[in-house]
Amino acid sequence: MTASSDSPDSLPAPARLAFAPLHKRAFGMAIGLVTGGVIFLLTVMALYLPDGRGRDLGLLAAFFSGYSVSWTGALIGFAWGSFVGFIAGWFLAFCRNLVLALSLAYIRARMELKATRDILDHI
């Protein structure tokens, strides 16, 4: 048997996976590419809608400099969406990792306090 399976601090593999920290850069890239792709696809779909329907996407120009409902705007929207999505994904992973670490530290401190509460009774 390995030392890790005998240790009382070891967790089963699914629990270790659930409590593993998110990789901030990878999560940011994933969210960024999805966000950029959605903006790109919505812009391309708006170009093919009849009677100017879907031109409301032009309001994104207020947030993304250079964006318009055109093929060039679709590429600019992809770039901006990827950038904003990366920042949002990175920050979300950072906050999740921070909350998880603080929660685990709090739970561990409570368990250690509970385990040593009656230490004076044994002296």
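See above for the structure.
Every value quoted in this text rests on a predicted model; they were computed, and no experiment measured them. (Residues numbered from 1 in each chain as written. Predicted model: local features only at pLDDT ≥ 70, side-chain atom pairs only at ≥ 80, totals over all residues. Heavy atoms only, no water.)

1. Examining the overall build of the protein
Argument step 1. The secondary structure content of the protein amounts to 4 helices and 0 strands.
Argument step 2. When the helices and strands of the protein are listed from N to C terminus, the series reads α-α-α-α.
Argument step 3. Considering only contacts in the protein between residues 6 or more positions apart, those separated by 24 or more positions represent 65%.
Argument step 4. When the accessible surface of the protein is totalled, it reaches about 9,400 Å², and 71% of it is carbon and sulfur. (Helix = DSSP H or I, 4+ residues; strand = E, 2+ residues; numbered from the N terminus. Contact = heavy atoms within 4.5 Å. Areas by Shrake-Rupley, 256 points an atom, 1.4 Å probe, with all protein chains shown as cover.)

2. What about helix α3 (residues 24-48)?
Argument step 1. Taking 1.5 Å per residue as the helical rise, α3 with its 25 residues ought to reach 36 Å, and the 36 Å between its terminal C-alpha atoms agrees with that figure.
Argument step 2. Within α3 the residues assigned to the buried category are G28, G32, G36, I39, T43, V44 and A46.
Argument step 3. Considering only its buried residues, α3 is in contact with α4 (71-116). (Expected span 1.5 Å × (residues − 1). Buried < 20%, exposed > 50% of the residue type's maximum accessible area, 1.4 Å probe, protein only.)

3. Let's talk about the nonpolar core
Argument step 1. Among the nonpolar cores identified, the biggest contains 5 residues, and these are I39, A46, F64, Y67 and V69.
Argument step 2. Look past the residues within four positions of Y67 in its chain and what remains in contact with it is I39, T43, L57, G58, L60, A61, G73, I76 and G77. (Core = buried A, V, L, I, M, F, W, Y, C linked by side-chain atoms within 4.5 Å.)

4. A look at a nonpolar patch on the surface
Argument step 1. Together, L11, F19, L104, Y106, I107 and M111 make up an exposed nonpolar region whose accessible area comes to about 580 Å².
Argument step 2. Judged by relative accessible area, Y106 falls into the exposed class, the value being 52%. (Patch = residues over 30% accessible without salt bridge, like charges linked within 9 Å, V, L, I, M, F, W, Y side chains within 5 Å. Salt bridge = Lys/Arg side-chain N within 4 Å of Asp/Glu carboxyl O.)

5. Side note on the packing of aromatic side chains
Argument step 1. Under the criterion given, the structure shown has 4 aromatic pairs.
Argument step 2. Following the ring pairs from residue to residue traces out a cluster consisting of F64, W80 and F83. (Phe/Tyr/Trp six-rings, centres within 6.5 Å; stacked < 30°, edge-to-face > 60°.)

6. Quick word on the environment of L100
Argument step 1. Relative to the assigned elements, L100 resides in helix α4.
Argument step 2. L100 sits in the buried class, given a relative accessible area of 17%.
Argument step 3. C-alpha of L100 to C-alpha of F19: the two residues are 81 residues apart in sequence and 7.5 Å apart in space.
Argument step 4. Excluding its chain neighbours within four sequence positions, the residues that come into contact with L100 are F19 and A20.

7. Digging into the packing of α3 against α4
Argument step 1. With their axes 6 Å apart at the nearest point, α3 and α4 run at an angle of 150° to one another. Considered as vectors, α3 and α4 are oriented roughly antiparallel to each other. The chirality of how α3 crosses α4 is right-handed.
Argument step 2. Here the residues of the contact of α3 with α4 are counted per class, giving 18 nonpolar, 12 polar and 2 charged. (Axes fitted to C-alpha atoms, helices over the stretch in contact; angles between N-to-C directions. Parallel < 35°, antiparallel > 145°, perpendicular 65-115°, else oblique. Left-handed = near helix turned anticlockwise from the far one by under 90°. Nonpolar A, V, L, I, M, F, W, Y, C, P; charged D, E, K, R; others polar.)

8. Quick look at the environment of S65
Argument step 1. Structurally, the position occupied by S65 is in the loop between α3 and α4.
Argument step 2. Ignoring anything within four residues of it in the chain, the contact list for S65 reads I76 and W80.

9. Some words on the side chain of N97
Argument step 1. Relative to the helices and strands, N97 resides in helix α4.
Argument step 2. By relative accessible area, which is 15% here, N97 ends up buried.
Argument step 3. Of the polar contacts made by the side chain of N97, one reaches the backbone nitrogen of L22; its length is 2.8 Å. (Polar contact = N/O pair within 3.5 Å; in protein donor to acceptor, adjacent residues only side chain to side chain.)

That's the geometry; what it means functionally is another story.
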